[in-house]
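Architecture and fold: a report
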Amino acid sequence: MIYTEPLFLGVTPTGARNYVASTVASGKKPFFNACAGRFSVVEAAVKAGLPSENIYASDIGVFSSIIGYLADPSKKLDDLGIRILDPVLEPKGIANDLDFAAHVMLILKLNQMKLTNLRGLYLREELFSSWNRSREAMRQQLETLVQNIAGIHYEIADIWDVVSSVSQEDVTFYASVPHYARGYEKMFSAPNLKWNEPAIPQFDPKRFPEIMERLGEAQCTALLCRRGEWEEEIPPPWGRVFGRAESKEKALWIIANRPMQAHAENKTGFGDVRKFPIYDDHEITPASRFHVMMVGLPTALYYRDLFVHRLGATTADRGFLLLVDGQVMTAFGIFIQDFLQFRVQHLPEMFGITRSSRRYHRLGKLFMLLLTSGEMKKRLCDILKLWLHEPRGIQTTSITVHEEGKTDRGALKVVSRETLEDGRFRIIYRGDFRDDSIADVVAEWLKKHGERRRDG
């Protein structure tokens, strides 16, 4: 077969679906997947250990309904009422439901091959000439998928009805809703097929804010897939828990209505990380310019992991870079949801990793002093639009072998200290913003630490 385009577009990418799958499997709650599509998240959830009988999938299209009816033991494929209208496409050699399903899927694929250009005509001719072989390949793919998800529950259902039924239940909900209008119609235009198509309108992407609002305060744990601009605002209580860059302008996010462990893919082959020069150990002077900017989590985590490897996942939902003279000195992340929901008065810094320097022994301390300066407060409030509800300062947690970290000492104060089983300490630091400027901080830091070298 020479055609390579996928039959179903909009599949949740591997990293994102594995994140969702591990989240729902670890929660061990009933899992509702509306807009199930190709059932990629359902399949990943079963592989992650969630019993198939705990999964309730739904969609409205013939493609998904064929898969769902094959996988749900309470359903019969005949009940979809699929009828082939073109005599040329009448099935031959059909032995069972899988054969018939594969035949219909191949018709859907044929319909995606355009009659208006030479490439489409050529692909159609090739598919017709290899129909039996192509149908067998399609059958094998279907059989594998159905075997992997066998035992799930499936319904043809409007996503709005599913949201209403689960919002006050102790369940997990996930949906990757269409991101462009009339998506199913464009993918599965089928003038040569009829079926018991439900009178359910397709999801309108303009209503995405409405679904966030309805699920935002729901009792269920809800996750949604969202493709959008890097700096697109996500209203509370929603927070980004997974990020994957798709271009320099766009990113794919998994957002959740509950705080949870976050993760970001740093490398996806798209040149997805916003690249900046890295601090080259040049001399820092009173004239040096410091700039803080908010970036996508993949970018912040890229530089974090570049400076210190294998730090693992983070619950940060906002990523930042601190640049000196246009070069990245520090990558840091903040979890803003607790502050926005008035649970804390200080911004929780979840990580702050400064480039290792041979010239300066206390470059990390410079970052912490800058982060807690009065001028930095103003910059962060402007970036995060915290004009009516201003933070008092910064709070962070460190795991260390010492009773107090040298980097945080002076900029923050210890508010709690816990001895862990391995003898290390879990220390929570907190500090109010001061009234000084960035220039004041740099001048004072140069006076105390400017001559200290790592090898000194």
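What you see is a predicted model, and the numbers here were worked out from it, not measured in a lab.

The full count for this structure, using the stated rule, is 14 salt bridges. Ionic pairing is found between Arg207 and Glu210, a salt bridge with its closest N-O pair at 2.9 Å. Owing to a relative accessible area of 33%, Arg207 belongs among the partly exposed residues under this scheme. In this structure, Lys447 and Glu444 form a salt bridge, with 3.9 Å as the shortest nitrogen-oxygen distance. Of this pair, Lys447 and Glu444 both sit in helix α14 (residues 438-449), three residues apart, which is roughly one turn of that helix. Taking relative accessible area as the criterion, Glu444 reaches 36% and is therefore assigned partly exposed.

Moving on, we get to unusual backbone geometry. Peptide bonds are, in most cases, trans, and in most cases residues other than glycine have a negative phi. Cis geometry marks the peptide bond from Pro236 to Pro237; its omega dihedral reads 10 degrees. Here Pro237 lies in the loop between β7 (221-229) and β8 (239-245). The residue Cys35 is not glycine, and still its phi comes out positive at about 50 degrees. Secondary-structure assignment places Cys35 in the loop between β1 (31-34) and α2 (40-47). With phi around 50 degrees, Asp325 is a residue other than glycine that occupies positive phi space. With respect to the element layout, Asp325 can be found in the loop between β12 (318-324) and β13 (327-334). A residue is classified by how much of its surface remains accessible, and Asp325, at 33% relative accessible area, is partly exposed.

Counting 59 residues, the largest nonpolar core has Phe39, Ile66 and Ile254 as its most contacted members. If you tally residues by element for this core, the top one is helix α4 (residues 97-111), at nine residues. Apart from the residues lying within four places of it in its own chain, the contact partners of Ile254 are Ala16, Val20, Tyr174, Leu223, Leu224, Cys225, Gly239, Arg240, Val241 and Phe242. Of all hydrophobic cores here, the second largest spans 43 residues; its members include Trp160, Val166, Ala316 and Ala331.

One ladder, built from six bridges, connects strand β16 (residues 413-419) with strand β17 (residues 425-432); its direction is antiparallel. Looking at β17, one finds that Ser416 is bridged to Ile428. Between β16 and the antiparallel strand that follows it, β17, lie five residues; Gly423 among them carries a positive phi value of about 95 degrees.

What follows concerns the side chain of Asp158. As for its placement among the helices and strands, Asp158 is situated in the loop between β4 (153-156) and α7 (159-166). Here Asp158 is buried and forms no salt bridge, its nearest opposite-charge partner Arg207 lying at an N-O distance of 6.7 Å. Reaching out from Asp158, the side chain makes a polar contact with the backbone nitrogen of Trp160 at a distance of 3.1 Å. With residues near it in sequence (within four places) discarded, Asp158 still touches Ile60, Ile200 and Pro201.

Turning our attention to empty space enclosed by the protein. All told, the structure shown has two cavities of 30 Å³ or more when counted by the stated rule. Taken as a whole, the second largest cavity holds about 70 Å³ of empty space. Forming the walls of the second largest cavity are Pro237, Gly239, Arg240, Val241, Ala256, Arg258, Pro259, Met260, Thr315, Asp317, Phe335 and Gln337. Split into classes, the residues belonging to the lining of the second largest cavity amount to six nonpolar, three polar and three charged.

Among the structural elements, Ser356 can be located in the loop between β14 (346-354) and α12 (363-371). Taking the C-alpha atoms as reference points, Ser356 and Asp281, 75 residues apart in sequence, are found 8.9 Å from one another.

In total, this model carries eleven aromatic pairs according to the counting rule given. Aromatic pair Phe39 and Tyr154: ring centres 5.9 Å apart, planes at 45 degrees, arrangement tilted. You can see Phe39 sitting in the loop between β1 and α2 and its partner Tyr154 sitting in strand β4, a full 115 residues away along the chain. Here Phe39 matches Tyr154 in class, with each residue buried. When the centroid spacing of 5.3 Å and the interplanar angle of 50 degrees are considered together, the rings of Phe332 and Phe367 count as tilted. A residue pair is termed long-range when its members are at least 10 positions apart, and Phe332 in strand β13 and Phe367 in helix α12 qualify at 35 residues. The pair formed by Phe332 and Phe367 is uniform in burial state, with each residue classed as buried.

The rules we used
- Residues numbered from 1 in each chain as written.
- Predicted model: local features only at pLDDT ≥ 70, side-chain atom pairs only at ≥ 80, totals over all residues.
- Heavy atoms only, no water.
- Salt bridge = Lys/Arg side-chain N within 4 Å of Asp/Glu carboxyl O.
- Buried < 20%, exposed > 50% of the residue type's maximum accessible area, 1.4 Å probe, protein only.
- Helix = DSSP H or I, 4+ residues; strand = E, 2+ residues; numbered from the N terminus.
- Core = buried A, V, L, I, M, F, W, Y, C linked by side-chain atoms within 4.5 Å.
- Contact = heavy atoms within 4.5 Å.
- Pairing = 2+ DSSP bridges.
- Lys, Arg positive; Asp, Glu negative; His and termini not counted.
- Polar contact = N/O pair within 3.5 Å; in protein donor to acceptor, adjacent residues only side chain to side chain.
- 1 Å grid on protein atoms, 1.4 Å probe; cavity = no way out; pocket = protein on both sides within 12 Å on 5 of 7 lines; lining within 4 Å.
- Points joined across faces, edges and corners; volume = space filled by probe spheres on them.
- Nonpolar A, V, L, I, M, F, W, Y, C, P; charged D, E, K, R; others polar.
- Phe/Tyr/Trp six-rings, centres within 6.5 Å; stacked < 30°, edge-to-face > 60°.

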